Each structure stands twice: as C-alpha cells, then as structure tokens.
Amino acid sequence: MKQIYLDYSATTPVKPEVLDAMLPYFTEFYGNPSSLYDLSYPSKDAIAEARGQVAGLINCDPSELFFTSCGSESDNWVLFGVADAQRKKGGHIITTSIEHHAILHTGDFQRKHGLDVTYLPVDEEGFITPEVLEAAIRPDTVLISVMYVNNEVGTVQNIKKLAEIAHAHGITFHTDAVQALGNVNCDVKELGVDLMSMSAHKIYGPKGVGALYIKKGTRISNYLHGGAQESKHRAGTENVPGIVGFGKAAALANEHFAEHVQHSSSLRDYFVERVLTEIPHTYLNGSREHRHPGNANITFEYIEGESILLMLNHYGISVSTGSACSSASLTPSHVLSAMGIPAEIIHGTIRFTVGDMTTKEDLDYTVDRLKEIVAKLREISAVSEEKGW
Amino acid sequence: MKMYNDTVMEHFMNPHNVGEIENADGEGIYGSPVCGDMMKMTINVDENDVITDCKFKTFGCGSAIASSSIATDMIIGMTVEEALKLTNEEIIEQLGGLPAIKIHCSVLADTAIKMAIYDYAQKNGKTYKGLEGFDPNQTEDDHHA
C-alpha cells in the first residue's frame, strides 16, 4: 500500500547521507572518546566536527553547544539547572501554557518541590504577548522559558522581543527550539537567547540525541552528573553515531534551509487551500503569518479526530490529532484548550506536517481520501450543521 | 501491535445499521461531543416486544463507532428484556476486545439502548423489569467519570 507520511513534527526519516555518516561509528570507529589510545581519536574528532556543524546552524561558538540524549533532557536540564544555580535570587520560573510536556511536567514537578511556576496564557492564535510576560515578572523570577515554535499549531513566537524583556529585568531566557530548528531562523545571536533546546530527529537526524546551547556566562548547574564528558557539563559516554548524525543533519539543514522552507510552505499552503475550499466546515487553527512552514492544524467540525486518523491510516496516510480520544490521558490538547478552542471542536482537529519527502501527489491523494472520509464520518455522526452540537 | 483488532476495524470502516429510523418507536441519546463521544440510537419494537430494527448515529472515536455498530447487530431480534440485559462487557467481548483505556469512555451502547427502550416504554405505557431503577437523567455522571 501507498505510504504517505504527514507527521514530520512527530519525527522525520533519517536522510541517507546522515545514516552513511553515522554507520562507521558503530563498527569501525567504536572507541570511547574519553580513552587515550589512537582508536579513540576518530570518535573524539567526529564529535568535535558535529559540534561545529550544529553550532554553525545556530551561529554559536562550538564551546557553547552541549550534546544531550534528547530535547526533553535539554529542557529538564534548563529548568533544574537554572533553578539550582540561581536559587539565592529566587524560586520563580515563568513559562507558558502551550509548552511541550518536557517543560510543563517538569514545571509541575518543581512546583511540588517548592518552586513557583507561572504558566502564561496565550491568545487565540497561540501567541504570548509582551504585556502578559511583562506583568508576570517578579523580583524572584530566575528563568523565562518560551517555546519558539509550537509543536501542535506551529505558532512562531517573537522570541527576540520576549528575550529582550527578560534581559531588561536581568532574567535568564530559554527557548525550546525543538520544532524550530531547521524550519525557522535559529541564530542565537539574532534571537538573543541564553539557552536553547534542540533535537536531531526533527531535522532528518537520528532519535536519541539532542543538544543544549548555553551562552557563555549563563548561570546554570549541571543536570546529569558523572564523568567529565561535554567539558564536564554533561556526564555519560557520548552517543557518538547519534552525535555524528545530528551534525550531518544540521549541516544539511543549514545548507538547504531556504529550499526546505520554500518546499514545505508552498506544499502546506496548497494543501490548506484545497482542504478549506473543498471540504465544508473546516478551518485552520493558529497563525497564518507566523507559522512553522510544514504545519497545517485543521479542524473538521462534527466529527472526531481519532476516527479521521484511523481512516487516513487505513489508506496509508500518517497524521496526528489533538483529540482526547487519542491521548493516553483522555484529555483534549492542552495547546488548543489554552487558545480558547472548545473541547468539542478540539476533538475534531488533525495536525498534518509536510516535509522534505512530501510531494504534491501525496497531498492530492490525501485530500481526495479526506473528502471521502469526512463525508463518511459525518454520515455516521450524531451531530451535524442542521442538528447542531 | 495495532491499536484495534480486525473485528473492531471492520465495524469501524464498514459500520452496520447507520442512520435514524423515521418515526422510531424509541429513541435514546447518550454522551456528549464535549466529552468526545455521543451516540443516538433509534429502535422499532413489535407487538411481541421484539426489537425488529435498530439504527445508530455516533460522534466519536474508532471504538465508539465500532461498538455502536456491533451493538445494533446484537440487539436486533432480541426481546426488550434481553436487550436491557446487554452489558458493555458483552459488546466488547463480541468485538474481540478493546484497548484498556477505551473501555470506560467510548462504549456508549448499553446506556443508549436503555435510553431508547425507556423512551419506547414511556410512550407506550409499558414497564420492564430491566428498567427498574433506571433514571435517564442520572446517566451523564458516570460517563467520563
């Protein structure tokens, strides 16, 4: 059966060039980078090269780039590390209600252990306004953490402006850029951030490797304790093949940035246009203008998202949904809820994300199947335009 | 492992008895779109208290639609008292099982059936043993508890 992958925000396939770069580090250059004999040098050198490649993508000095096991680890490091290093100043952290669970649940945990965490509300397109942030700042605020690009609706925050506000108050600023990397400009100097979380598997690299940018001079304690790896800042034998893959993926993302964005956004716009005009009672959630180039978060009224997902899956099309019925917790998407969207509407939302391997034919096929599926599910549904909710 | 087994997927992809019976003898609605699942069931009952037809409309996830479909199959031909005894456990068994997380939230059929029979009984001045103690206004609370 035809397989059409439209969930690039969940993960991406590893590009063949990336895999090729990784493979020798499993069987040939397997030396521990911390060892002293000659066999360890290729792995040590490969990590240095990868660090330069990822640093190049975000325009930082390689010494400010630390590899981790994933984006979630980077986020945890920031919350625990800043809270610890700056605890004399205070115990207040500001973040947002639309963060990834790696921030939200870490914040909830810290609350249980005596810290005060504020989750900022967002507007109907998912934006944190400067006024809302400004109003939440207190003398004991030690960290402001705002995700750059939202994983569900693709909203791109004005990180530069928010970081300026933080710095005007002398507060450390972090952004979770896991969805942003490779998709929007992640130049840390232009953004003015102190800390930035990243992950390899969202940019056609392997799973199990992430990174944290720490601007020189930022007050943050270590999180993973042990050996002297990562300039004594992050213990644990390095995931050498993974790091090599991250480096290669970052180099490719840097080299092909403009064409990636152009390819994704033009296909995404074509898809959204077709769905919204050809299927009634549908609309796009989030911002049109400041949006992840591949993201289309669409509500299909009067039907439920898991049903849509299952039927698309039946035709080999992979997507995700904000519906409660598809989540382990049976609660609807916290992001769409925070944007003020009613629960019955959230249940009918599907997130489509296009990427480098997506073609116009894939999207035409998807729209054609979607039209049939939506009509069929509306036929089955107990609610409709005529009957209302 | 796939989320749903083949029986569930077959009932989901090709549900039986979809629709609404015109001028149905009984009608029941259970659940709410806010919770993510809502089912409407219509039934016809003959003079021998046998359910001769049953149709459903469901807003909901895969297991909500599949369980609605198989439940309508199961109760057509049953007497009203037999249908009142049908439990969600039996419906799930007939489907060959559902993921644990889906069991309590998405199977609306047993209550929807009771609602439809209650409506039929009210309209026709009938009483059934299986309806004793059933209060249609008290059912919303246990959904998505």
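Residue indices follow the written sequence of each chain, beginning from 1 at its first position. Ligands are numbered from 1 and chains lettered from A, in the order in which they are written. Residues qualify for local features only when their pLDDT is at least 70, as the model is predicted, and side-chain atom pairs are given and counted only at 80 or more; totals for whole chains, interfaces and linings, by contrast, use all residues. Processing note: side-chain calculations cover all non-hydrogen atoms of the structure and skip hydrogens and water entirely.

Enquirer: Can you break down the interface of chain A and chain B residue by residue, with the values?
Expert: Opposite the 25 residues of chain A that make contact, chain B presents 28 residues. The term buried area refers to how much accessible surface (probe radius 1.4 Å) is lost by two components on association, counted for both of them together. Around 2100 Å² of area is buried between chain A and chain B when both sides are counted, 68% of it from carbon and sulfur atoms. Any Lys or Arg side-chain nitrogen located within 4 Å of an Asp or Glu carboxyl oxygen qualifies as a salt bridge. At the boundary of chain A and chain B, one finds one salt bridge. One salt bridge in this structure joins K102 of chain B and E306 of chain A, with 2.5 Å as the shortest N-O distance. In protein, a polar contact requires one atom able to donate a hydrogen and another able to accept it; more generally it is a pair of N or O atoms within 3.5 Å, and residues adjacent in sequence count only if both atoms are side-chain atoms. Summed over the shared surface of chain A and chain B, the result is ten residue pairs in polar contact (both at pLDDT 80 or more). Going along the chain from the N terminus, every DSSP run of H or I of four or more residues is numbered as a helix, and every run of E of two or more is numbered as a strand. At the level of secondary structure, the elements contributing two or more residues to the side of chain A that touches chain B comprise α12 (305-314), α14 (343-346) and α15 (360-380) of chain A. With five residues, the single largest contributor to the side of chain A that touches chain B is α12 of chain A. The contact rule is simple, with two residues in contact once any of their heavy atoms fall within 4.5 Å.

Enquirer: Go over a nonpolar patch on the surface with me, naming the residues and quoting the values.
Expert: All names here are of chain A. Nonpolar side chains (Val, Leu, Ile, Met, Phe, Trp, Tyr) are joined into patches within 5 Å and like charges within 9 Å, using only residues with over 30% relative accessible area and no salt bridge. For every accessible area listed, the method is Shrake-Rupley and the probe measures 1.4 Å; residues are considered covered only by the protein chains on display. Together, V14, L19, L23 and F26 give the surface a local cluster of nonpolar side chains, amounting to about 340 Å² of exposed area. Turning to its location among the elements, F26 is positioned in helix α2 (residues 24-27). Throughout, exposure labels follow a simple rule: accessible area from a 1.4 Å probe, protein chains only, divided by the maximum for the residue type, with under 20% read as buried, over 50% as exposed, and the rest as partly exposed. Of the residues examined, F26 reaches a relative accessible area of 48% and is grouped as partly exposed.

Enquirer: Explain the sheet that holds strand β4 (residues 116-120) of chain A to me, and be specific about the residues and the numbers.
Expert: Residue and element names in this part refer to chain A. Read across the open sheet, the seven strands follow the order β2-β8-β7-β6-β5-β3-β4; overall the sheet is mixed. One side of each edge strand has no neighbouring strand; the edge strands of this open sheet are β2 (65-68) and β4. Across this sheet, the average inter-strand angle for adjacent strands is 20°, counted without regard to direction. When strand β6 (residues 172-176) meets strand β7 (residues 195-199), the two strands line up parallel, connected through three bridges. Note on β7: the bridge partner recorded for H174 is L195. Here the rule is simple: two strands pair whenever DSSP picks up at least two bridges between them. Inter-axis angles, ranging from 0 to 180 degrees, are taken between N-to-C directions of lines fitted to C-alpha atoms, where helices are fitted over the stretch in contact.

Enquirer: Requested: an account of the domain arrangement of chain A, with residues and values cited.
Expert: Reports often express the size of an interface as the amount of accessible area lost when the parts come together. All names here are of chain A. Domain extents, as shown, originate in an automatic or database domain assignment. Taken domain by domain, chain A consists of domain 1 (4-11 + 257-372) and domain 2 (16-255). Placing the centre of domain 1 and that of domain 2 at their C-alpha centroids yields a distance of 27 Å. Taken residue by residue, the interface counts 26 residues in domain 1 and 31 residues in domain 2. Summed over the shared surface of domain 1 and domain 2, the result is zero salt bridges. Contributions of two or more residues to the side of domain 1 that touches domain 2 are made by α11 (257-278), β10 (295-300) and α13 (334-338). Note on residue categories: nonpolar means Ala, Val, Leu, Ile, Met, Phe, Trp, Tyr, Cys or Pro, charged means Asp, Glu, Lys or Arg, and polar means any other residue, Gly included. When its residues are assigned to classes, the side of domain 1 that touches domain 2 shows ten nonpolar, 13 polar and three charged.

Enquirer: Break down unusual backbone geometry for me, with residues and values.
Expert: In the Ramachandran plot, Y204 of chain A falls in the positive-phi region, its phi being about 70° despite a non-glycine side chain. Inspection of the secondary structure assignment puts Y204 of chain A in the loop between β7 and β8 (210-214). With relative accessibility at 7%, the residue Y204 of chain A sits in the buried group. With a phi close to 65°, D49 of chain B is a non-glycine residue in the positive phi region. Within the element layout of this structure, D49 of chain B appears in the loop between β2 (37-45) and β3 (51-59).

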